[in-house]
Amino acid sequence: MTCEPHQNERPCGDRPTHEWVVFSTALTEGWLMLQCVECGTHGTVEDPSEIEWAKAFHAPSKPYHWSEDARIRVRPVGPFYVARTEHGYERIPREVMGRVIPVTEEEREDLEALAEVVIEGDFDGVLFALFIRSFEQGQGPNVSEPAKRLARRFEQWHSAGHASSPQMVASALRWYAREGARGTMAHQLLEGSNRMGVWSHFKRGDVP
Ligand SMILES: [Zn+2]
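Our subject in this report is the structure included herewith. (Residues numbered from 1 in each chain as written. Predicted model: local features only at pLDDT ≥ 70, side-chain atom pairs only at ≥ 80, totals over all residues.)

### Some details on the overall build of the protein
Point 1. For the protein, the count of helices and strands is six helices and seven strands.
Point 2. Helices and strands in the protein line up, N terminus first, as β-β-β-α-β-β-β-β-α-α-α-α-α.
Point 3. A buried classification covers 36% of the 208 residues belonging to the protein.
Point 4. Taking as baseline every contact in the protein between residues at least 6 positions apart, the subset at least 24 positions apart corresponds to 69%. (Helix = DSSP H or I, 4+ residues; strand = E, 2+ residues; numbered from the N terminus. Buried ≥ 20, exposed ≤ 12 C-beta atoms within 10 Å, placed from the backbone. Contact = placed C-beta atoms within 7 Å.)

Here it is as structure tokens:
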């Protein structure tokens, strides 16, 4: 079960195997729902023990690693529900991911660059939305439509009382960049180049 560019020719790192994370349960079927946090491949464990089933009850708020690859039925690549963090894993909320509208190559690069800025600047969803809004109001680089769209969703997510880490924001940006670019072009990640471009000068302190 290798983690490599599979049916959709997606980049998924140089890993020899998937990095499986339990993120939810399918109540009706009694399955554990898993996803490779690296490439987005989905999977199910269809014979969980009672202890495993009980543990998975908490997976939506506390996703965790799964190492028994042989028990996983591999499903197609799908939307990202989990992100890797410094301390483990966390859910990516569906409300934030929403519907994906195709992105141009330029917009894709913009989203990838913003993801790096978010990590380097330690922006959570609120700061990211403020950051984008401050540029919409005139000064500095033009903000791409997909970035504005995601900023709105994080704003709404926070208004609804939820938190989001920089890792979650970056994962959402990267996921959107990747999914939005699919089908519109065969792309290669720009390895080794300075993808931060116009955003590279801005730091957390610039957010009003
Ligand atoms: Zn994988």
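### Overview of the sheet that holds strand β2 (residues 31–36)
Point 1. The strand order across the open sheet formed by five strands is β4-β1-β2-β3-β5, and the pairing between neighbours is antiparallel. Since the sheet does not close on itself, it has two edges, and those belong to β4 (64–65) and β5 (72–77), each with one partner.
Point 2. Pairing of strand β3 (residues 41–45) with β5, which is carried by four bridges, proceeds in the antiparallel orientation. For T44, the partnering residue across the bridge sits in β5 and is R73. (Pairing = 2+ DSSP bridges.)

### A look at the packing of helix α4 (residues 125–136) against helix α5 (residues 145–159)
Point 1. α5 packs onto α4 with a crossing angle of 135 degrees between their chain directions and a minimal axis gap of 8 Å. Between α4 and α5, the crossing angle belongs to the class labelled oblique. Viewed along their axes, α4 and α5 form a crossing whose handedness is left-handed. Here G125, V126, F128, A129, I132, R133 and E136 of α4 lie close against α5, whose contacting residues are A147, K148, A151, F154, E155, W157 and H158.
Point 2. For the contact of α4 with α5, the residue count by class is eight nonpolar, two polar and four charged. (Axes fitted to C-alpha atoms, helices over the stretch in contact; angles between N-to-C directions. Parallel < 35°, antiparallel > 145°, perpendicular 65-115°, else oblique. Left-handed = near helix turned anticlockwise from the far one by under 90°. Nonpolar A, V, L, I, M, F, W, Y, C, P; charged D, E, K, R; others polar.)

### Concerning unusual backbone geometry
Point 1. One non-glycine residue with positive phi stands out, namely D122, at about 60 degrees.
Point 2. Mapped onto the elements, D122 comes out in the loop between α3 (105–121) and α4.

### Focus: the pairing of strand β1 (residues 20–26)
Point 1. Among the seven residues that make up β1, five are buried, leaving the element largely enclosed by the rest of the structure.
Point 2. For β1 and β2, the ladder comprises six bridges, and the chain directions are antiparallel. Pairing of T25 across the sheet is with L32, part of β2.
Point 3. The loop that links β1 with its antiparallel partner β2 comprises four residues; one of these, G30, has a positive phi angle of about 75 degrees.
Point 4. Across two bridges, β1 lies against β4 in antiparallel orientation. Residue pairing across strands places V21 opposite H65, the latter belonging to β4.

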